[in-house]
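Letter by letter, the chains look like this.
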Amino acid sequence: MKIKQTLLTLSILSSAFAAQAGEVEVLHWWTAGGEAKSAAVLKQMLEQQGHTWKDFAVAGGGGESAMTVLKTRAVSGNPPSAAQIKGHDIQEWGGLGFLTSLDDVAQQNHWDDILPKMIADVMKWDGEYVAVPVNVHRVNWLWANPAVLKKAGVSVPTTLDEFFAAGDKIKAAGFIPLAHGGQPWQDATLFEAVALEVLGSDDYVKAFVDLDMDVLSGDKMVNVFTQFKKMHDYIDDNSPGRDWNVATSMVINGDAAMQIMGDWAKGEFTAAGKVPGQDYICAPAPGTANQFTYNVDSFAFFELKNAENQKAQKALAKTILSKDFQEVFNLNKGSIPVRLDMDMSKFDSCALASMDTFKKTAKQGGLVPSMAHGMSTTSYAQGAIYDVVTNFFNDKNADPKQAAQQLAKAVKAAM
Ligand code: BGC
């Protein structure tokens, strides 16, 4: 009798569970070591709730390939449940009518209270949440191998001039000064770090947020290109096409001294079991100690027809902003939690420095959106900047003055 009752209860429970279980198909480009580990956390937490995770990973740092694939799928009327879409792109997808409102989940879980307003605003289309932020990446970081620096007799450069001086010594000592992958988004990431030091935060914003023609074509921008060009002397000949995580591994292995890259690079050091301050150093990109270039990863949610899948979608949205997920995910990813009410005791010195600078620059100025990572302007203007920057960087004879003029022209055409 007792057994029968238990079986009955179990079958009622499991059918209730099955009725709620749905599938989420999630498009992302997190395929490098630290990234994949981070994505796996989300999959696992969703599956623990009885739902199914259909992985839709499209490799390619910075997400250009992922965005191309997403467009094809969405246009054919078969979008995934959620896709890694950031910044201005959220508004573009919202405007096209593809996204679904998450306001019920947002209200139940007090998203307006737990998120910085600046970030919450970007997640909304027409006043309603259509996307959920995952983290805050700082892009203007320099990653260094202390053993290589020591062998070359240099310390961590804090200005561009120091960087070039250290680079010469590192080269003379037989190492590659700067690990870099010659791909447009990596060129743009390096370019914006140089631009931040040379322009300063105000002119950086004028150039890449306001798209101010005078700043884009002006003397300071000419100097940005001049300094950026010098960077090329410190990169090895095998850089074209190299993935960012391969560049990071060159620093990890001691083939190269430094990499200028967002803190997803830390995910690679962490996955390799390396400890900051001991095996590697994180420092602000030269000359940008009091600035913070932010890059917020987020998932936008598409309109679905199937009721069970809609439920799974909402469970995913809720999970992303849970404290448990925020902690484990960001420990693996190298970023800091997007919730500011988190216990940070498990985070390392790089993450604590990042959080500190994030808060400080938000109050005192110096917090700027990343152009290279889709935070500062539309994908059209960003694409125009990428083209000019990459063509310039790959042409030995390119002229900085002409490049600044081309930059303004290209951006204007994309406005
Ligand atoms: C994303 C990161 C990612 C990096 C490299 C950036 O645009 O925001 O999450 O790790 O690209 O793929």
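Just so you know, these numbers come straight off a predicted model, no measurement behind them. (Residues numbered from 1 in each chain as written. Predicted model: local features only at pLDDT ≥ 70, side-chain atom pairs only at ≥ 80, totals over all residues. Heavy atoms only, no water.)

A. Spatial organisation of the overall build of the chain. In terms of helices and strands, the chain carries 19 helices and 15 strands. In summary, the chain has a C-alpha radius of gyration of 22 Å against a globular reference of 22 Å for 415 residues, a match within 12%. Principal axes of the C-alpha set define a box for the chain whose edges measure 85 × 45 × 40 Å. Out of the 415 residues in the chain, the part that is buried amounts to 54%. Sequence-distant contacts in the chain: of pairs separated by 6 or more residues, those separated by 24 or more amount to 76%. Here the chain has roughly 17,700 Å² of accessible surface; of this, 52% comes from carbon and sulfur atoms. (Helix = DSSP H or I, 4+ residues; strand = E, 2+ residues; numbered from the N terminus. Rg over C-alpha atoms; globule rule 2.2 N^0.38 Å. Buried < 20%, exposed > 50% of the residue type's maximum accessible area, 1.4 Å probe, protein only. Contact = heavy atoms within 4.5 Å. Areas by Shrake-Rupley, 256 points an atom, 1.4 Å probe, with all protein chains shown as cover.)

B. Layout of the nonpolar core. With 75 residues, the main nonpolar core has Phe208, Met221 and Met231 as its most contacted residues. Among the elements that make up this core, the one with the highest residue count is helix α10 (residues 184-208) (13 residues). Those residues in contact with Phe208 that lie beyond four places of it in its chain are Phe191, Ala195, Leu199, Leu216, Met221, Met371, Ser376, Thr377 and Ile385. (Core = buried A, V, L, I, M, F, W, Y, C linked by side-chain atoms within 4.5 Å.)

C. Spatial organisation of the packing of helix α12 (residues 219-231) against helix α19 (residues 400-414). Orientation of α12 relative to α19, taken along the N-to-C sense of each, is 120 degrees, at an axis distance of 8 Å. In terms of orientation, α12 and α19 fall into the oblique class. Taken as a pair, α12 and α19 cross one another with a handedness that is right-handed. Of α19, the residues touching α12 (which contributes Met221, Val222, Phe225 and Thr226) are Pro400, Lys401, Ala403, Ala404 and Leu407. Here the residues of the contact of α12 with α19 sort into 7 nonpolar, 1 polar and 1 charged. (Axes fitted to C-alpha atoms, helices over the stretch in contact; angles between N-to-C directions. Parallel < 35°, antiparallel > 145°, perpendicular 65-115°, else oblique. Left-handed = near helix turned anticlockwise from the far one by under 90°. Nonpolar A, V, L, I, M, F, W, Y, C, P; charged D, E, K, R; others polar.)

D. Main features of the domain arrangement of the chain. Splitting the chain by domain gives domain 1 (2-133 + 298-334) and domain 2 (138-294 + 350-414). Using only C-alpha atoms to locate each centre, domain 1 and domain 2 end up separated by 31 Å. On the side of domain 2, 22 residues touch domain 1, which itself brings 18 residues to the contact. Both faces considered, domain 1 and domain 2 share a buried interface measuring about 1,500 Å² in area, 55% of it formed by carbon and sulfur atoms. The largest contributions to the domain 1 side of the interface with domain 2 come from His88, Met118 and Gly334, which together make up 29% of the buried area. One can count 7 residue pairs in polar contact (both at pLDDT 80 or more) joining domain 1 with domain 2. (Domains from an automatic or database assignment. Buried area = accessible area lost by both parts, 1.4 Å probe. Polar contact = N/O pair within 3.5 Å; in protein donor to acceptor, adjacent residues only side chain to side chain.)

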